[in-house]
Amino acid sequence: MEITHLETIPLTHALPEGQGLGDARGFGRTRATTLVRLETDTGTVGWGEAFVPGSIARATAEELFVDDVVGMDPFDVESLAVDSYTDPYHFSESVFVQSLVSAIDVACWDIIGKTVERPVHRLLGGTERSTLRPYASTMYFTEEDRPLEEPIREAVDEGFTAAKIKIGAGLESDVERVRVAREVLGDDALLMVDMNGNYRPEQAVRSARAIAEYDINWIEEPVPPENLTGYRELKQRIDIPIAAGEAHYGRFEFKRLIDDRTVDIVQPNLARCGGLSEARTIAKLATTENVGVRPHIWNSGVGLAAAVQFAASIPDYPHTRNVPEPMLVEFDRSENPLRNEILETPLDPTGGSLDVPQAPGLGISIDEDALERYRAD
Ligand SMILES: [Mg+2]
């Protein structure tokens, strides 16, 4: 079997004027990503996602990948990551290179699964899970003046029993947002907060101590992702677990997060971290320091499906075998047709449980008409 075509498909969706949403660092009005479609000489098609703008993804693919990938056997998928470290030499830690590796790797696994007629999570090994616990990513900072509790109440009404909210815009605002979220969610739900790296360590410590009484499951990116000394300092000074990883790529960066338990939870994004092969390596590294793994997901339906397959395969060892913890998967609750409309059957997180697709490969079918609606080329 060999790959005969590699196509990049840039997708974009613009939010209406005045309806931007975001985090403590600012608002965004565009949802954009790039799909990679591989086709083989047997006619099998595989899909992956590179979470980078389309023009960059296309140029990177054409300059660095097409010549090697066309003609490759998709079963040689594990060679992609290794090749990215050696050829092109010195480019490997670029987010653009790793995003393309992610997309091609995931598309290869999709093809492998379809060829051997198994869902990808069964091929990745580890513990099998048929259901996951979705958490609502919500309570964004918005340009619109909406009641603070509205989005979290919507999530509760949809059946979510876990949620992550945006904070990081100042101590008073943090406490108020967390108080409202906890009140609406109730005492039994899991509550995570995301500071999007907007604080210096001292500010993050003050906020973490002020919100601790609301039982926080993790604080995400309390300081900028590059500030590893900040993570280490916070670890010594606060009692809430720290999570990071959405802005990290490849095993070498994740090793720095995992070493000496710099953070408690790593969050590889399957459209940036190097793909399913690299995510599996990261998950194994994490077991050596007893660090948790929970994928970061702010992607199209393709990146979401890859993350769900990965989450279903993450080993329990060593932290949850006898004291079960839910395998949480992030489910963005903001409007994004690239997540829902491009799948013929969108993944359904409502009701507090997410069924892992059992169809071969990523377990999804792409609605190619929908792709045409959001194509940006
Ligand atoms: Mg985040």
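Residues numbered from 1 in each chain as written. Predicted model: local features only at pLDDT ≥ 70, side-chain atom pairs only at ≥ 80, totals over all residues. Heavy atoms only, no water.

Draft legend 1. Region of the structure containing the layout of surface pockets. What the largest pocket holds in volume is close to 750 Å³. Taken together, 31 residues form the lining of the largest pocket, with D23, F51, N196, E246 and W298 sitting closest to its centre. When residues of the lining of the largest pocket are traced back to their parent elements, those giving at least two are β2 (21–23), β3 (26–28), β4 (30–40) and β8 (162–166). Partitioned by chemical class, the residues of the lining of the largest pocket number 11 nonpolar, seven polar and 13 charged. Both domains that meet at the lining of the largest pocket, namely domain 1 (3–118 + 369–374) and domain 2 (121–366), each give it at least three residues. Of the volumes computed, that of the second largest pocket is approximately 450 Å³. Along its surface, the second largest pocket is lined by 22 residues, and L21, Y140, T142, R146 and P151 are the ones closest to its centre. For the lining of the second largest pocket, the secondary structure elements donating two or more residues are β7 (141–142) and α5 (150–157). At three residues, the largest contribution of residues to the lining of the second largest pocket is made by α5. Its residues placed into classes, the lining of the second largest pocket shows nine nonpolar, five polar and eight charged. Here the lining of the second largest pocket spans two domains, and each of domain 1 (3–118 + 369–374) and domain 2 (121–366) adds at least three residues to it. (1 Å grid on protein atoms, 1.4 Å probe; cavity = no way out; pocket = protein on both sides within 12 Å on 5 of 7 lines; lining within 4 Å. Points joined across faces, edges and corners; volume = space filled by probe spheres on them. Helix = DSSP H or I, 4+ residues; strand = E, 2+ residues; numbered from the N terminus. Nonpolar A, V, L, I, M, F, W, Y, C, P; charged D, E, K, R; others polar. Domains from an automatic or database assignment.)

Draft legend 2. The coordination of the magnesium ion, seen in detail. In this structure, D194 (OD), E220 (OE) and E246 (OE) serve as the protein donors to the magnesium ion, at separations of 2.0 to 2.2 Å. One chain supplies every donor for the magnesium ion, spaced along it as D-x25-E-x25-E. Residue D194 is found in strand β9 (residues 190–194), and its partner E246 is found in the loop between β11 (242–244) and α9 (250–258); the two are separated by 52 residues along the sequence. The class for D194 is buried, based on a relative accessible area of 1%. (Donors = N, O, S within 2.8 Å, 3.2 Å for Na, K, Ca; no water. Buried < 20%, exposed > 50% of the residue type's maximum accessible area, 1.4 Å probe, protein only.)

Draft legend 3. Looking closely at the sheet that holds strand β1 (residues 3–14). If you trace the three strands from one edge of the open sheet to the other, you get β1-β4-β5, paired in antiparallel fashion. Two strands close off the open sheet at either side, each with one partner strand: β1 and β5 (45–50). Adjacent strand axes in the sheet meet at a mean angle of 25° when their direction is disregarded. Note: β4 against β5, six bridges, orientation antiparallel. If you follow V36 over to β5, its bridge partner there is G48. Taken strand by strand, helix α1 (residues 54–69) contacts β1 and β4, and its axis lies near 170° from that of β1. Sitting on the sheet, helix α3 (residues 95–116) is in contact with β1, β4 and β5, with an inclination near 155° to β5. (Pairing = 2+ DSSP bridges. Axes fitted to C-alpha atoms, helices over the stretch in contact; angles between N-to-C directions. Contact = heavy atoms within 4.5 Å.)

Draft legend 4. Focus on empty space enclosed by the protein. Taken as a whole and judged by the stated rule, the model has four cavities of 30 Å³ or more. R31, A32, T33, F51, W298, N299, S300, N336 and L338 together form the lining of the largest cavity. Tallying contributions element by element places β4 first for the lining of the largest cavity, with three residues. When the residues that make up the lining of the largest cavity are grouped by side-chain class, the tally is four nonpolar, four polar and one charged.

Draft legend 5. Here's a closer look at the nonpolar core. Counting 105 residues, the largest nonpolar core has L38, L100, I104, I165, V178, I216 and V266 as its most contacted members. Counting residues per element, this core draws most heavily on α3, at 11 residues. There are two domains that each give this core at least three residues, and those are domain 1 (3–118 + 369–374) and domain 2 (121–366). Residues A162, L190, M192 and L328 belong to the second largest nonpolar core, which totals eight residues. (Core = buried A, V, L, I, M, F, W, Y, C linked by side-chain atoms within 4.5 Å.)

The analysis is restricted to geometry; functional conclusions fall outside its scope.
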